[in-house]
Amino acid sequence: MSRNLDITLLRTFVAVADHGSMTAGGNALHLTQSAVSQQVARLEAFSGVLFFRGKRTLRLTPGGERLLGKARRLITLNDELWAEMTEGPLDGVIRLGVPYDLVGTWLPPVLKNFAAAHSQVDLRLVCMSSPELLAAIAAGTLDLALVEEPPGKSGGECLLVDRLVWVGAKGGAAFLKRPLPVSMVAETCAFRAVVLQALRERETTWQTLFESGSIDATQAMVRADLAVSVWLASTIPSDLVILPFDENLPELPLFSVNLYHARGQRSRAVHELAQQIRGRLK
């Protein structure tokens, strides 16, 4: 016998998971806390417990974590079908801003799938450092932007938190040189200030090399064992290696990848691309 899931319950579950509380999730959906609690309870009645409930926050149980990704995909498909049936295909222009180091990792499949599904949307990709992307979002010259920032207060939506690590060539010795040769892609790199501060505190001498604004050039410097660099652990090419922290390579902080929207009303196309980006990262 066929059974049908209630998309409303899944949508409420995802909102609570994203915001970490019944109240915040309810606010996002314009529902009362009581209504949210009832909907989550209805879902848990046949799915099992989805949240560990603390005094102020909620955490997903293993079962909740398994459900979250599938729930997102089902909600996205539901919204796509509804929009196509009631409003027609997506169109318009989307200006998406992305830091240099995120362009070649998990983003291409998202862009490929989106372009294949929505051929009438003119998707324009802009690569800049995170501080430049924030300025562009504030100026309204971008519709969406992925921004790398220290965890904590942010004007964007946190999609993931990742380790900031030192990167070098396989079998390389650049990390042993003094002054330490460091390539940071661009002077405006979001990682630059915290990396140089960590080196100062460790009293490690360094010199920055080839800050051209090109991730390809930086990767070439590292592959040639002419310098080390600093990237998020999830963005490192397979032919490079993570260098261990030691007396000369100080431990580095975590960084988050946050999603920013331009102010004002969002088009259906922008909303859909944001949903697909969330589904890839969360």
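Scroll up a little and you will see the structure.
Since the model is a prediction, treat every value here as computed from it, not as a measurement.

J.: Before we go on, may I ask you to explain helix α8 (residues 215-223) in this structure?
T.: Every α-helix winds through 3.6 residues per turn, so residues three or four apart in the chain are directed the same way. Looking only at α8, the buried set comprises Ile215, Ala217, Thr218, Gln219, Met221 and Val222. Here the buried face of α8 lies against β6 (157-169), β9 (229-232) and β10 (240-243). Downstream of α8 by a residue or two, Asp225 has a phi angle that is positive, lying close to 60°.

J.: Would you mind showing me how to read a nonpolar patch on the surface here?
T.: The grouping of Leu77, Leu81, Trp82 and Met85 at the surface amounts to a nonpolar patch, some 470 Å² of accessible area in total. Note on placement: Leu81 falls in helix α4 (residues 62-87).

J.: Help me understand the pairing of β6 in this model?
T.: Looking along a regular strand, one sees side chains alternate from face to face of the sheet. Relative to strand β11 (residues 254-261), β6 runs antiparallel, the two being bridged by six bridges. Looking at β11, one finds that Leu160 is bridged to Val257. Here β6 runs beside β9; their pairing, made up of four bridges, is antiparallel. When the sheet's bridge partners are listed, Val165 is paired in β9 with Trp231.

J.: Sorry, what's going on with the environment of Ala71 here?
T.: Relative to the assigned elements, Ala71 resides in helix α4. Classification of Ala71 as buried rests on a relative accessible area of 2%. Each C-alpha atom of the pair Ala71 and Leu281 lies 14 Å from the other, and the pair is 210 residues apart in sequence. Excluding anything up to four places from it in sequence, Ala71 contacts Leu10, Phe13 and Val14.

J.: Quick question: what am I supposed to make of α4 here?
T.: Between its first and last C-alpha, α4 extends 37 Å over 26 residues, near the 38 Å set by a 1.5 Å rise per residue. Helix geometry: α4 is bent most strongly at Leu68, by close to 25°. Within α4, the full set of buried residues consists of Gly64, Leu68, Ala71, Arg72, Ile75, Thr76, Glu80 and Ala83. Looking at the residues trailing α4, positive phi occurs at Gly88, about 85°.

Conventions and cut-offs
Residues numbered from 1 in each chain as written. Predicted model: local features only at pLDDT ≥ 70, side-chain atom pairs only at ≥ 80, totals over all residues. Heavy atoms only, no water. Buried < 20%, exposed > 50% of the residue type's maximum accessible area, 1.4 Å probe, protein only. Helix = DSSP H or I, 4+ residues; strand = E, 2+ residues; numbered from the N terminus. Contact = heavy atoms within 4.5 Å. Patch = residues over 30% accessible without salt bridge, like charges linked within 9 Å, V, L, I, M, F, W, Y side chains within 5 Å. Areas by Shrake-Rupley, 256 points an atom, 1.4 Å probe, with all protein chains shown as cover. Salt bridge = Lys/Arg side-chain N within 4 Å of Asp/Glu carboxyl O. Pairing = 2+ DSSP bridges. Expected span 1.5 Å × (residues − 1). Bend = angle between axes of the 7 residues up to and from the residue.

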